[in-house]
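The lines below spell out each chain.
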Amino acid sequence: MAALGLFASSIPDIAGMVGTRYKYGGKFKLESGSHHIIVCGHITYCIAKQIMDNCFHNDHEVKNLSVVFISDDDPDLEMEALLKMNFTQVIYLQGDVLNNRDLERVAIKDAFACLIIADRSPERENSEDALNIMRVISIKNVHPTTRVIVQLLHRHNQTYLYNLPTWSAFRGDTVINVYAIRMTFLAMSCQAMGFSTLMSNLLRCYPVTQHRHAHSDLETETWNLYSAGFRAKLRVYRLSDFFVDLTFQEAARHCYSTMDLLLIGLFKRPYFHESGASGEFVINPASHLRITASHMGIFVALDSVSAERASVYCKSCHVGVRRPSEIKSCSCHSRKCHSRKCNLPCKAIPFPCYFKASYKY
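Note that this is a predicted model, so its numbers are computed, not measured. (Residues numbered from 1 in each chain as written. Predicted model: local features only at pLDDT ≥ 70, side-chain atom pairs only at ≥ 80, totals over all residues. Heavy atoms only, no water.)

## A few points about the overall build of the chain
Each helix and strand in the chain was counted, giving 13 helices and 11 strands. Of all 361 residues assigned to the chain, the portion counted as buried reaches 42%. Carbon and sulfur atoms make up 56% of the accessible area of the chain, which amounts to about 21,000 Å² in all. (Helix = DSSP H or I, 4+ residues; strand = E, 2+ residues; numbered from the N terminus. Buried < 20%, exposed > 50% of the residue type's maximum accessible area, 1.4 Å probe, protein only. Areas by Shrake-Rupley, 256 points an atom, 1.4 Å probe, with all protein chains shown as cover.)

## Remarks on the packing of aromatic side chains
Within this structure, the stated rule accounts for 4 aromatic pairs. Geometrically, the ring pair formed by Phe-242 and Phe-243 is edge-to-face, given 5.3 Å between the ring centres and 85° between the ring planes. Centre to centre, the rings of Phe-242 and Tyr-313 are 4.9 Å apart; their planes meet at 65°, and the pair counts as edge-to-face. Linking Phe-242 in the loop between strand 7 (233-238) and helix 10 (248-258) with Tyr-313 in the loop between helix 12 (309-312) and helix 13 (331-339), this pair joins segments that are 71 residues apart in sequence. We classify Phe-242 as partly exposed; its relative accessible area is 24%. A network of ring pairs unites the aromatic residues Phe-242, Phe-243 and Tyr-313 as a single cluster. (Phe/Tyr/Trp six-rings, centres within 6.5 Å; stacked < 30°, edge-to-face > 60°.)

## Let's talk about the sheet that holds strand 5 (residues 148-151)
Read across the open sheet, the 6 strands follow the order 3-2-1-4-5-6; overall the sheet is parallel. At either end of the open sheet lies a strand with only one pairing partner, and these are strand 3 (90-94) and strand 6 (174-176). On average, each strand axis in the sheet is inclined to that of its neighbour by 20°, with strand direction left out of account. Across 3 bridges, the pairing between strand 4 (residues 113-117) and strand 5 is parallel. The residue of strand 5 that forms the bridge with Cys-114 is Val-148. (Pairing = 2+ DSSP bridges. Axes fitted to C-alpha atoms, helices over the stretch in contact; angles between N-to-C directions.)

## Notes on the pattern of salt bridges
Counted under the stated rule, the structure contains 3 salt bridges. Measuring nitrogen to oxygen at the nearest pair gives 3.1 Å for the salt bridge that ties Lys-49 to Asp-53. On the criterion of helical spacing, the pair formed by Lys-49 and Asp-53 is a turn pair, its members being 4 residues apart in helix 2 (residues 45-55). Judged by its relative accessible area of 30%, Lys-49 is partly exposed. (Salt bridge = Lys/Arg side-chain N within 4 Å of Asp/Glu carboxyl O.)

## Quick word on helix 10
Of all the residues in helix 10, the buried ones are Phe-248, Ala-251, Ala-252, His-254, Cys-255 and Thr-258. Taken down its axis, helix 10 places every buried residue within 165° of arc, on the same side. Away from its buried face, by an angle of more than 90 degrees, helix 10 presents the exposed residues Arg-253, Tyr-256 and Ser-257. Contact partners of the buried residues in helix 10: strand 8 (262-268) and strand 10 (295-301). Phi turns positive one or two residues past the end of helix 10, at Asp-260, with a value near 55°. (Arc of directions from axis to C-beta. Contact = heavy atoms within 4.5 Å.)

## Re the nonpolar core
Of all hydrophobic cores here, the largest spans 24 residues; its most connected members are Ile-116, Val-136, Ile-139, Val-150 and Leu-161. Elements supplying a minimum of two residues to this core: strand 1 (35-41), strand 2 (65-71), strand 4, helix 5 (125-142) and strand 5. With 3 residues, helix 5 is the largest single contributor of residues to this core. Beyond its immediate sequence surroundings of up to four residues, Val-136 is in contact with Ile-116, Val-148, Val-150, Leu-161, Leu-164 and Trp-167. Counting residues in each nonpolar core, the second largest holds 23 residues, with Ile-37, Val-39, Val-67 and Ile-117 among its members. (Core = buried A, V, L, I, M, F, W, Y, C linked by side-chain atoms within 4.5 Å.)

## A few points about unusual backbone geometry
Located in the positive-phi region is Ala-107, a residue other than glycine, with phi close to 55°. The topology assignment puts Ala-107 in the loop between helix 4 (100-105) and strand 4. Look at Asn-284: it is not a glycine, yet its phi comes out positive at around 50°. Relative to the helices and strands, Asn-284 resides in the loop between strand 9 (279-283) and strand 10.

## Points about the side chain of Ser-168
Mapped onto the secondary structure, Ser-168 falls in the loop between helix 6 (158-162) and strand 6. One polar contact links the side chain of Ser-168 to the main-chain amide nitrogen of Arg-171, over a distance of 3.3 Å. (Polar contact = N/O pair within 3.5 Å; in protein donor to acceptor, adjacent residues only side chain to side chain.)

## Description of the pairing of strand 5
Side chains Val-148 and Val-150 of strand 5 all project onto a buried face; the interleaved residues Ile-149 and Gln-151 project onto the opposite face, where all are buried too. In this sheet, strand 6 lies alongside strand 5 in parallel orientation, the contact comprising 3 bridges. Residue pairing for strand 6: Val-150 is matched across the bridge by Val-175.

## A closer look at the packing of helix 2 against helix 3 (residues 77-85)
Packing of helix 2 against helix 3 leaves a shortest axis separation of 9 Å and a crossing angle of 20°. With respect to each other, helix 2 and helix 3 are oriented roughly parallel. By crossing handedness, the relation of helix 2 to helix 3 is classed as left-handed. Packed against helix 2, whose contacting residues are Tyr-45, Ala-48, Lys-49 and Met-52, the element helix 3 presents Glu-78, Met-79 and Leu-82 at the interface. Class assignment for the residues of the contact of helix 2 with helix 3 results in 5 nonpolar, no polar and 2 charged. (Parallel < 35°, antiparallel > 145°, perpendicular 65-115°, else oblique. Left-handed = near helix turned anticlockwise from the far one by under 90°. Nonpolar A, V, L, I, M, F, W, Y, C, P; charged D, E, K, R; others polar.)

Here is the structure:
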């Protein structure tokens, strides 16, 4: 009787466990023409919110991207509310990437990238890196060409990943170490004052919300200039035919003087239709490099409308304009877009393309 009573009292807990597992125990189905990234490891509400803010930022103009979270833990109330608000683009599955069946459930073979987040709590500092390395090995064993972005707490543990036969920096496999990034920013700031502030502001995706009470006109002007710089973001847009065969220095000078745009680099992706193709970012290239039809510009701009001027600039229609706001799409640009037989987008690169890029400085 005692055993029966104990079993009866445990029925609600068992039902809750089974119900929760069934709720998040499904399988991700990738629709045709869509892309998805996988996030595993230490997933919390704050981490999920930051990832979703970056993935679904309005400036990325991506409508066919999904984020798949996979974790053994049950989502808390805040996480469930976040999932319900973005149920069309986000899915949460219970499982572990160490399990091959769970990797099949998240469609690891079709993923653009897999993000592995580390738990930076002091009590898990020693074991977290070993667990994340095992997750990388599990993913690479199932699908070696999947790009993995893993966060490690200790820099010396990167050697274990570099020795993996399936680890490929050319494909975009990346190790992120927060402390190493901080030390790098500190070192660069010693050589160039303000470097860390500039890069931190460019990489953030949220606007200025703080309002300061200025005590002088100089402080007001300074704060307005800083706010304008804080809102500026890195944007990648196609260059119009006007820039073909120009050097980077000539193109940067023309963008700044005519369009009020800051061109800082070039992005070249020859074949957008191939998922395995590798792009290339070149920051401030040398003068011998000339722009081709496959190049796209990397701009620092306040909004996408400003950056789009470089893709619609026409030598016949926009020569002599006095205000950058007058540079808009013309009939010549429309005819060229219809007649152009290439795979380059006229606007910004879709966000998943950044996962297939290599960098050069």
